[in-house]
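# Coordinate inspection notes
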Amino acid sequence: MQAFELDTLIHGMVRADDLEIRKLNLSDETVDLVYFSTMCDKKYIHTAIIKTILDRSSLSEIELALKMLPGFEIIQSEDQMIEKLIGGYTLLFFPQMTCAIEAKKDPTSQPQETSIENILQGPQFAFSEDLATNIQILRTRYPSQDLHIEFMKIGTQSQTELAIIYDKTRVDEDVLLQLENKLMSIDAEVIQAANQLQMLLTKRYQFLPTLMITERPDRTVLNLSKGKIALLLNGTPFSVNLPAVFFDFMASMDDVYELPWIVRPLQILRFIGMFITTSLPALYVATVSYNPEFFRSQIAIEIAGSRAAVPYPSFYEVFLMLFLIEALTEASIRLPKFIGSTATTVGGLILGQAAQQAGLVSSIMIIIASAVAISNFVIPMNTLGFSLRVIKFPLVLLAIFFGLVGVLAGLFCFLVYTVSLRSFGRPYLKLFIGEDKKTR
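Predicted model only: the values in this text are computed from it and were never measured.

Cut-offs used in this document
Residues numbered from 1 in each chain as written. Predicted model: local features only at pLDDT ≥ 70, side-chain atom pairs only at ≥ 80, totals over all residues. Heavy atoms only, no water. Patch = residues over 30% accessible without salt bridge, like charges linked within 9 Å, V, L, I, M, F, W, Y side chains within 5 Å. Areas by Shrake-Rupley, 256 points an atom, 1.4 Å probe, with all protein chains shown as cover. Salt bridge = Lys/Arg side-chain N within 4 Å of Asp/Glu carboxyl O. Helix = DSSP H or I, 4+ residues; strand = E, 2+ residues; numbered from the N terminus. Buried < 20%, exposed > 50% of the residue type's maximum accessible area, 1.4 Å probe, protein only. Pairing = 2+ DSSP bridges. Core = buried A, V, L, I, M, F, W, Y, C linked by side-chain atoms within 4.5 Å. Contact = heavy atoms within 4.5 Å. pLDDT = per-residue confidence, 0-100. Axes fitted to C-alpha atoms, helices over the stretch in contact; angles between N-to-C directions. Phe/Tyr/Trp six-rings, centres within 6.5 Å; stacked < 30°, edge-to-face > 60°. Lys NZ or Arg CZ within 6 Å of the ring centre and 35° of its normal. Arc of directions from axis to C-beta.

### Considerations on a nonpolar patch on the surface
Together, Leu-397, Phe-401 and Phe-402 make up a nonpolar patch on the protein surface, roughly 360 Å² of accessible area in all. For Phe-401, the position within the fold is in helix H16 (residues 382-420).

### Topic: unusual backbone geometry
That bond from Leu-242 to Pro-243 is cis: its omega, -10°, falls within 30 degrees of zero. With respect to the element layout, Pro-243 can be found in the loop between strand S10 (239-242) and helix H9 (246-249). With phi around 50°, Gln-159 is a residue other than glycine that occupies positive phi space. With respect to the helices and strands, the residue Gln-159 is situated in the loop between strand S6 (147-154) and strand S7 (160-167). The class for Gln-159 is partly exposed, based on a relative accessible area of 41%. A positive phi is found at Phe-424, a non-glycine position, where the angle reads about 50°. For Phe-424, a relative accessible area of 6% corresponds to the buried category.

### Digging into the pairing of strand S2 (residues 30-36)
Residues in a regular strand project their side chains so that they alternate between the two faces of the sheet. With six of seven residues buried, S2 is to be regarded as a mostly interior element. Relative to S2, strand S1 (residues 19-25) is paired through seven bridges, and the arrangement is antiparallel. Across the sheet, Lys-23 pairs through a bridge with Asp-32, a residue of S2. With three bridges joining them, S2 and strand S4 (residues 89-93) adopt antiparallel strand pairing. Bridged to Leu-33 within S4 is Leu-92.

### Focus on the nonpolar core
Counting 24 residues, the largest nonpolar core has Leu-179, Leu-183, Leu-197, Ile-229 and Leu-231 as its most contacted members. For this core, the secondary structure elements donating two or more residues are S6, S7, helix H6 (173-184), helix H7 (194-201), strand S9 (229-233) and S10. In terms of residue count, the dominant contributor to this core is H6 (four residues). In this structure, Leu-231 is in contact with Leu-162, Ala-163, Ile-164, Leu-179, Leu-197, Leu-201, Phe-238, Ser-239, Val-240 and Leu-242, ignoring residues within four places of it in sequence. Membership of the second largest hydrophobic core comes to 22 residues, among which are Cys-40, Ile-49, Ile-50 and Ile-62.

### What about the confidence of the model for the protein chain?
Residues of the protein chain with pLDDT of at least 70 account for 87%, and the chain-wide mean is 82. Mean pLDDT across the secondary structure elements of the protein chain bottoms out at helix H1 (residues 6-12), with 60, and peaks at S9, with 93. Low pLDDT (under 50) marks residues 433-440, which in the prediction has 15 contacts with non-local residues, meaning those over four places away or in another chain.

### Digging into the sheet that holds S10
If you trace the five strands from one edge of the open sheet to the other, you get S6-S7-S9-S10-S8, paired in antiparallel fashion. Two strands lie at the open edges of the sheet, namely S6 and strand S8 (212-214), each paired on one side alone. For this sheet the average axis-to-axis angle between neighbouring strands, irrespective of direction, equals 25°. Relative to S7, S6 runs antiparallel, the two sharing eight bridges. The partner of Glu-150 across the bridge, within S7, is Ile-164.

### Notes on the sheet that holds S2
Strands belonging to one sheet form pairs held by backbone hydrogen bonds; the direction of such a pair is parallel or antiparallel. Here we have five strands laid out as an open sheet, ordered S1-S2-S4-S5-S3, and antiparallel in their pairing. Of all the strands in the sheet, just S1 and strand S3 (73-74) have a single pairing partner and so form its edges.

### So, the pattern of salt bridges
Evaluation of the coordinates by the stated rule reveals 13 salt bridges. Here Glu-73 ties to Lys-84 by a salt bridge, and the two come within 3.0 Å at their closest N and O atoms. Of the two residues, Glu-73 is situated in strand S3 and Lys-84 in helix H4 (residues 78-86); the sequence distance between them amounts to 11 residues. According to the relative accessible area criterion, Glu-73 is partly exposed, its value standing at 26%. Overall, Lys-84 belongs to the buried group, its relative accessible area being 14%.

### Quick word on the packing of aromatic side chains
Tallied over the entire structure, the rule returns six aromatic pairs. Measuring from centroid to centroid gives 6.0 Å for Phe-207 and Tyr-417, while their planes differ by 85°, and the two rings are edge-to-face. Taken together, the residues span a long stretch of sequence, with Phe-207 in the loop between H7 and S8 and Tyr-417 in helix H16 at a distance of 210 residues. With relative accessibility at 24%, the residue Tyr-417 sits in the partly exposed group. Between Phe-246 and Tyr-428 the ring centres are 6.2 Å apart and the planes differ by 65°, which places this aromatic pair in the edge-to-face class. With Phe-246 in helix H9 and Tyr-428 in the segment after strand S12 (426-427), this pair connects stretches of sequence that are 182 residues apart. The class for Tyr-428 is buried, based on a relative accessible area of 0%. The ring of Phe-424 carries Lys-182 above its face, with NZ or CZ at 4.7 Å from the centroid.

### Some points on H7
What H7 keeps buried is the set Ala-194, Leu-197, Gln-198 and Leu-201. Down the axis, H7 shows its buried residues gathered within 105° of arc, on one side only. Summarising the contacts, the buried residues of H7 are in contact with S6, S7, H6, S8, S9 and S10.

Put into structure tokens, the structure is as follows:
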């Protein structure tokens, strides 16, 4: 039987904070025991493996007893040694042999089904609120010896455990150093959510998100393979991935699992939806109140006819309908999930029909409000969707005072602002940041 040195294992893989190394001193020999604390059951290791070794006096008796344990294997190569360690086995380094015993633990918290980033194809389970379970999920999905995990505590009072996860061979060292400096400079008493951590790592007043928050382990694994860094916070079922650019927020995991001729039209649809949800209300105010010549005469007459019963300018009905849309959206979030969808659907239909019959809004405005609401939900990532919900209001204000020229100027300023953003040094509008064609 072949024996391997412990130094061979340590030099062959990246050092991780969850890698446990223990020495067991026998009468005349020393046995090294190595395992990942996030993958293995510590209680089973102590009661089944360590106790078995310490209760025997000779190596032959120990070897015979260990062979009776389930999952016992003799290590034949260095690659097998690393594979077993990452797979949830405990390694035992004897003077004459190296063996592995299965000690994979059951998750302390079961992963829950995705509720925010739903897709048609691909995995359907999300992270849980237990940090050890989430790390176990990532190690299972990304069984690489280069996966590096560092633990630290943040929050002066909460002392919340945080895991920094990255692929040592792919990560950008400058981004990693910048992240560590920002984490060390955080001065907050209580940190309990991934979104709270995101705000502490970025500028407080910022329109667009520059860090990605996701509930999907497969998206996190994909980002790790591209050299990005994942942050897992204990007590929250989300991971924070960085750096993140604008096009990351417009991508769905279905884009990876579907054929290109299906994906490209859907991506175009999302960008059209983004333009509609941000610009359509402002364009309506600008064209109706200032620039009706933008339309053909027949369409302009139809719009004017639909607004004949409305006694006030167009921006009043725009703000009224936008307020109702935002209120219904918030109600759908706050209401119990069993009645939320029904209540908001019925409320939207009744309010829209009653407002039109009372002459408060035009029929064209009802269509525009519906298009804005639907288009906002086309965006895959909610953090970007929330930002775009806010951006449309300044554009409406510019349309009120300056018409179509104000809307175009506002869109240009928004584009300039977006170009100026950086995500840990990465240009926000850069295409294919860290893209790896092997992910498809």
